[in-house]
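# Working through the structure, step by step
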Amino acid sequence: MSISNKTKGRNSSIKKSSLLKIISVFTLTAIMTGCSADDMEDFFDLTPAVRTPPHNVSAVPVVNPQINNENAPIQNEITPPTETEPAETEPMFEKPDRSQFTEYPNMWVEKYVGKYEKKEKTIYLTFDDGPSKYTEDILRILKEYNIKATFFVIPDESKECADRLRTIAAAGHTIGVHSYTHNYLTIYEDEQAYLEDFANAYDIITKVTNQKPWLYRFPGGSVNQYNRHCRDEIKAALDERGFVYYDWNTDSNDWRGLSPEELCLNVTNDVKRFPSATVLMHDTDTRENTVAALENIIKCLKESGYRFAPITQTVEPIQYGVNF
């Protein structure tokens, strides 16, 4: 036999020996890892690709804790995450202590105690002194522009008033107490006189609309020359019953008998001074110019990027001498 043939035979033996060793290693691996024949067939696929182990072969080395291998890396025990108890949320509303209400025991509401919303370029249209013969016109315009507003009313026991209050409530507007008599000299005589007047208006609104009004507006605003001697007592008495009062920061001055054009300019110019504006207007039988100006006011403010919303319990109140 030539040297060349001997060399070829020796190389062939080496290749066969190496191949047998490789097969033995993979066979042993298959036995240890529990691979099936199909899995091993997949595992020997040499197609260039990112390999993923068979579904029943762990991609992470498994260390048998019964084998004492000092050279093996220390495996940190993984502790499963524990579920944490959900944090208790602050109650958004709280009921007053009704045990102290010896007078008007049913005159109370749950008070909002959460955080106020921060809204930019929002207009809160408010109408005082209604309902009136112009209420339906105001509601029609608001509906046309899909706007909700707030009505601080002076209700009476008439059927006309009841029908108008129900219409306001059914349209989704907010109704608040303004007064029953709107007589400054009478209602501001003292705290008791104001509460009596308030209770009369509150009872009518609640009975007619089946809704408990939670907000109110002082006739003449919370700070005026008629209530300086009793305003703090009135505020405290209604606060402990859960009621919140709202003043305004934009006055249309419609009570001065201005033209529709003047009213529109008053509102559109004044609202620019505030991030959001609570606008004072009136809904009475003598405020036809308010109705005439309302549509233009809405159009101008919408064109300037303002949105409209009713006063809700999450709206921070404008209160004279407090935050305004």
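Everything discussed here concerns the structure shown above.
Residues numbered from 1 in each chain as written. Predicted model: local features only at pLDDT ≥ 70, side-chain atom pairs only at ≥ 80, totals over all residues. Heavy atoms only, no water.

### Observations concerning the pairing of strand 3 (residues 122-130)
The element strand 3 is largely enclosed, with a buried count of eight among its nine residues. Examined bridge by bridge, strand 3 and strand 9 (residues 276-282) share seven bridges and lie parallel to one another. Pairing of Asp128 across the sheet is with His282, part of strand 9. As for the winding sense of the linkage, the β-α-β connection from strand 3 through helix 3 (residues 135-144) to strand 4 (residues 150-153) is right-handed. (Buried < 20%, exposed > 50% of the residue type's maximum accessible area, 1.4 Å probe, protein only. Helix = DSSP H or I, 4+ residues; strand = E, 2+ residues; numbered from the N terminus. Pairing = 2+ DSSP bridges. Right-handed = clockwise from strand over helix to strand, strands pointing away.)

### Some remarks on the packing of helix 6 (residues 191-209) against helix 7 (residues 231-239)
Helix 7 packs onto helix 6 with a crossing angle of 45° between their chain directions and a minimal axis gap of 9 Å. On the basis of their axis angle, the class for helix 6 and helix 7 is oblique. Our pair here, helix 6 against helix 7, has a crossing hand that is right-handed. Together, Glu191, Tyr194, Leu195 and Phe198 of helix 6 and Glu233, Ile234, Ala237 and Leu238 of helix 7 make up the contact between the two elements. By residue class, the composition of the contact of helix 6 with helix 7 is six nonpolar, no polar and two charged. (Axes fitted to C-alpha atoms, helices over the stretch in contact; angles between N-to-C directions. Parallel < 35°, antiparallel > 145°, perpendicular 65-115°, else oblique. Left-handed = near helix turned anticlockwise from the far one by under 90°. Contact = heavy atoms within 4.5 Å. Nonpolar A, V, L, I, M, F, W, Y, C, P; charged D, E, K, R; others polar.)

### Section: the packing of aromatic side chains
Two aromatic rings, taken as a pair, are described by how far apart their centres are and by the angle between their planes. Enumeration over the complete set of coordinates arrives at 17 aromatic pairs. Arranged with centres 5.9 Å apart and planes meeting at 80°, the rings of Trp214 and Tyr246 form a pair that is edge-to-face. Here Tyr246 lies in the loop between strand 7 (244-245) and strand 8 (250-251) and Trp214 lies in the loop between helix 6 and strand 6 (215-216), a separation of 32 residues in the sequence. Residues Trp214 and Tyr246 agree in their burial class; the two are buried. Every member of this aromatic cluster is reached through a ring pair, and the members are Tyr184, Tyr188, Tyr194, Phe198, Tyr202, Tyr216, Phe218, Tyr226, Phe243 and Tyr245. When the ring centre of Trp108 is taken as origin, the NZ or CZ atom of Arg98, which lies over that ring, is 4.3 Å away. Lys121 extends its terminal NZ or CZ atom over the ring of Tyr306, reaching a point 4.6 Å from the ring centre. (Phe/Tyr/Trp six-rings, centres within 6.5 Å; stacked < 30°, edge-to-face > 60°. Lys NZ or Arg CZ within 6 Å of the ring centre and 35° of its normal.)

### A word on the side chain of Asn249
Counting through the fold element by element, Asn249 comes out in the loop between strand 7 and strand 8. The buried category is assigned to Asn249, whose relative accessible area is 6%. A distance of 3.4 Å separates the side chain of Asn249 from the side chain of Thr250, its partner in a polar contact. Of the polar contacts made by the side chain of Asn249, one reaches the backbone oxygen of Ser276; its length is 3.3 Å. Not counting residues up to four positions away in its chain, the partners in contact with Asn249 are Asp270, Arg273, Phe274, Ser276, Ala277, Thr278, Ile318 and Phe324. (Polar contact = N/O pair within 3.5 Å; in protein donor to acceptor, adjacent residues only side chain to side chain.)

### What to know about the side chain of Asp251
Take Asp251: it is sitting in strand 8. Within the buried set, Asp251 has no salt-bridge partner at all; the shortest N-O distance to an opposite charge, 7.8 Å, is to Arg256. For Asp251, the side chain forms a polar contact with the main-chain nitrogen of Asn253, separated by 2.8 Å. Side-chain polar atoms of Asp251 contact the side chain of Trp255, separated by 3.3 Å. Here Asp251 is in contact with Asn266, Asp270 and Leu280, once residues within four sequence places are set aside. (Lys, Arg positive; Asp, Glu negative; His and termini not counted. Salt bridge = Lys/Arg side-chain N within 4 Å of Asp/Glu carboxyl O.)

### Remarks on unusual backbone geometry
A cis amide bond, omega 0°, links Gly130 with the succeeding residue Pro131. Mapped onto the secondary structure, Pro131 falls in the loop between strand 3 and helix 3. A positive phi angle, near 60°, is found at His182, a position not held by glycine. Position of His182 among the secondary structure elements: in the loop between strand 5 (174-177) and helix 5 (184-187). Even without being a glycine, Asn253 presents a positive backbone phi close to 65°. Summarising the element assignment, Asn253 is placed in the loop between strand 8 and helix 8 (260-270).

### Comments concerning the packing of helix 8 against helix 9 (residues 288-303)
In the contact formed by helix 8 and helix 9, the axes pass within 8 Å of each other and the chain directions differ by 40°. What the angle tells us is that helix 8 and helix 9 run oblique. Relative to helix 9, helix 8 is oriented so that their crossing is right-handed. Along the contact surface, helix 8 presents Pro260, Leu263, Cys264, Val267 and Thr268, while helix 9 presents Asn289, Thr290, Ala292, Ala293, Asn296, Ile297, Cys300 and Leu301.

### Brief notes about helix 7
Where helix 7 is concerned, the buried positions are Arg231, Ile234, Lys235, Ala237 and Leu238. Projected down its long axis, helix 7 shows its buried positions confined to an angular sector of 165°, all on one face. Structurally, helix 7 contributes buried residues whose contacts are with helix 6, strand 6 and strand 7. (Arc of directions from axis to C-beta.)

Take it as geometry only, folks, not as evidence of what the structure does.
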